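Per-entry structural report
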Amino acid sequence: MITILILGANGFIGSHLSETILAKKDWEIYAMDLSQDKISACLSHPRFHFTEGDMTKQKEWIREHIQKCDVVLPLVAVATPALYVQDPLRVFELDFEANLDIVRQCAEMKKRIVFPSTSEVYGMCPDKEFDEDSSHLVTGPISKERWIYSTSKQLMDRVIYAYGNHKGLDFSLFRPFNWYGPRLDNVFNPKPGGSRVLTQFIGNILRGEDINLVNGGAQQRCMTYIDDGIDALMRIIENKNDAARNKIFNIGNPTENISIRQLAEMLVSTIGEHYPKYADKAKAVNLVDIDAKAYYGAGYQDVSLRVPSIRHIREQLQWEPTTDIRDGLKKTLDFYLGSILKH
Ligand code: UGA
């Protein structure tokens, strides 16, 4: 039995992780988040102990619960690219500063930490596949403020690694590559760039808006279905034979590498074929090219190819992604369009 502390349990990853742990393991979860709308399925479970609160303010509660738990997952972060440009200081303060406190307490109290790094740390790395041990981390000039997320996360990776190497911290870093699925972002947020790309596009279709393809949509992403991501994360937390100790793992689906334009086209055709209530809306949508500066502002810069090497996690934790994009999209649409139908 493991006792886990999840900060940000009501987020996309936190909510799926909590549900999976309760369904498949006998682990005990202590959890905190600002709200609880995504974890309604967990709240009454006897092994789920939730406190509503702000992790940047509830310092005593956090200290007490780090002490009480075996493994700590600090999942609270800003992770929406438009915000990296609009509010870079908030990204630094939350993603780096607030979490540094947690990392230090884990080192001090000798607790295991499983920390979310990100595919964004590789930035504009020219490698065909990004490798945890050998790829260079390539970001743009300071005026391209988008990179504050990447570099805040990179510095945290380096700090955690140093605590591991020099102070005995037991850690694992995981790097999600474009995870998607139910509960990703709010599709009713009408702000351009207000959510990540898939939920943004679903919202565009529902509102009868154009889909904006930033710089034409030729940039590619490896779309990784949440269940695959959570399966990998569970293996990391479980840490059989200490195989995840002080390691960094990419978690992504290298075979589901598609351009953003293809993603938009696939979304439109999937809705047309499988969701008759929305087929007309999907048919009516226009795919419109838009300049990145006009969409995100001058501080934006994009990544054109982002493919993970998954050699490490495959070899060390026997993980393999199994959900292709068509299935993943359908499951995601069942959630978003199904929940609208119920309203
Ligand atoms: C995101 C976030 O930075 C992180 O949350 C996360 O670490 C990373 O994904 C990941 O999951 O690996 P990114 O893929 O650039 O990075 O973010 P999205 O908002 O999902 O955008 C994907 C692509 O679609 C970008 O090239 C963006 O310019 C494009 N896009 C987005 C459009 O063409 N139109 C839109 O309306 C929105």
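Located above this text is the structure these notes cover.
Residues numbered from 1 in each chain as written. Predicted model: local features only at pLDDT ≥ 70, side-chain atom pairs only at ≥ 80, totals over all residues. Heavy atoms only, no water.

**Observations regarding the sheet that holds strand E2 (residues 28–33)**
Pairing is parallel in the open sheet, where seven strands are placed in the order E3-E2-E1-E4-E5-E6-E11. Sheet topology places strand E3 (48–52) and strand E11 (247–251) at the edges, where each strand pairs with a single neighbour. Across the sheet, the axes of successive neighbouring strands diverge by a mean angle of 15°, strand direction being ignored. (Pairing = 2+ DSSP bridges. Helix = DSSP H or I, 4+ residues; strand = E, 2+ residues; numbered from the N terminus. Axes fitted to C-alpha atoms, helices over the stretch in contact; angles between N-to-C directions.)

**Description of helix H4 (residues 88–109)**
In this model, H4 (22 residues) spans 31 Å end to end at C-alpha, consistent with the 32 Å of a helix rising 1.5 Å per residue. At Leu-100, H4 is deflected by roughly 30°, the largest bend along its length. (Expected span 1.5 Å × (residues − 1). Bend = angle between axes of the 7 residues up to and from the residue.)

**What to know about the pattern of salt bridges**
Once the charged atoms of two side chains with opposite charge are near each other, the side chains can pair. One pass over the structure, following the stated rule, counts 17 salt bridges. In this structure, Arg-146 and Glu-120 form a salt bridge, with 2.3 Å as the shortest nitrogen-oxygen distance. Here Arg-146, found in the loop between strand E5 (112–116) and helix H5 (147–167), pairs with Glu-120, found in the loop between E5 and H5; they are 26 residues apart in sequence, far enough to count as distant. Each of the two residues, Arg-146 as well as Glu-120, counts as buried. A salt bridge links Arg-175 to Asp-157; its shortest N-O distance comes to 2.9 Å. A residue pair is termed long-range when its members are at least 10 positions apart, and Arg-175 in strand E6 (residues 171–176) and Asp-157 in helix H5 qualify at 18 residues. By relative accessible area, Arg-175 is classed as buried at 4%. Looking at Asp-157, the relative accessible area reads 5%, which means it is buried. Overlapping salt bridges, with partners in common, bring together Arg-112, Asp-170 and Arg-245 in one network. (Salt bridge = Lys/Arg side-chain N within 4 Å of Asp/Glu carboxyl O. Buried < 20%, exposed > 50% of the residue type's maximum accessible area, 1.4 Å probe, protein only.)

**Some points on the site of the ligand**
Taken together, 26 residues sit near the ligand, with Ala-79, Thr-118, Ser-119, Tyr-295 and Asp-302 positioned nearest. One of the side-chain N or O atoms of Arg-146 is found 3.2 Å from an oxygen atom in the ligand. Asn-178 places a main-chain nitrogen or oxygen 2.8 Å from an oxygen atom of the ligand. Look at the ligand: alone it shows 720 Å² of surface, and the protein chains cover 97% of it. Elements represented by at least two residues in the shell around the ligand include exactly helix H3 (81–86), helix H6 (197–206), strand E8 (211–214) and helix H10 (292–296). Taken together, the residues that form the shell around the ligand break down as 14 nonpolar, six polar and six charged. (Near = heavy atom within 4 Å. Polar contact = N/O pair within 3.5 Å; in protein donor to acceptor, adjacent residues only side chain to side chain. Areas by Shrake-Rupley, 256 points an atom, 1.4 Å probe, with all protein chains shown as cover. Nonpolar A, V, L, I, M, F, W, Y, C, P; charged D, E, K, R; others polar.)

**Side note on the packing of helix H1 (residues 12–24) against helix H7 (residues 226–238)**
Packing of H1 against H7 leaves a shortest axis separation of 10 Å and a crossing angle of 65°. When the interaxial angle is binned, H1 and H7 end up roughly perpendicular. As H1 packs across H7, the resulting crossing turns out to be right-handed. Contacts between H1 and H7 involve Phe-12, Ile-13, His-16, Leu-17, Thr-20 and Ile-21 on the former and, on the latter, Ile-226, Ile-230, Leu-233, Met-234 and Ile-237. Residue classes in the contact of H1 with H7 are distributed as nine nonpolar, two polar and no charged. (Parallel < 35°, antiparallel > 145°, perpendicular 65-115°, else oblique. Left-handed = near helix turned anticlockwise from the far one by under 90°. Contact = heavy atoms within 4.5 Å.)

**Concerning the packing of aromatic side chains**
All chains considered together, the criterion is met by 12 aromatic pairs. Their ring planes at 15° and their centres at 5.4 Å tell us that Phe-92 and Phe-96 sit as a pair that is stacked. Of this pair, Phe-92 and Phe-96 both sit in helix H4, four residues apart, which is roughly one turn of that helix. Phe-92 gets classed as partly exposed once you look at its relative accessible area, which sits at 29%. (Phe/Tyr/Trp six-rings, centres within 6.5 Å; stacked < 30°, edge-to-face > 60°.)

**What about the environment of Pro-116?**
Within the secondary structure, Pro-116 is located in strand E5. Judged by its relative accessible area of 9%, Pro-116 is buried.

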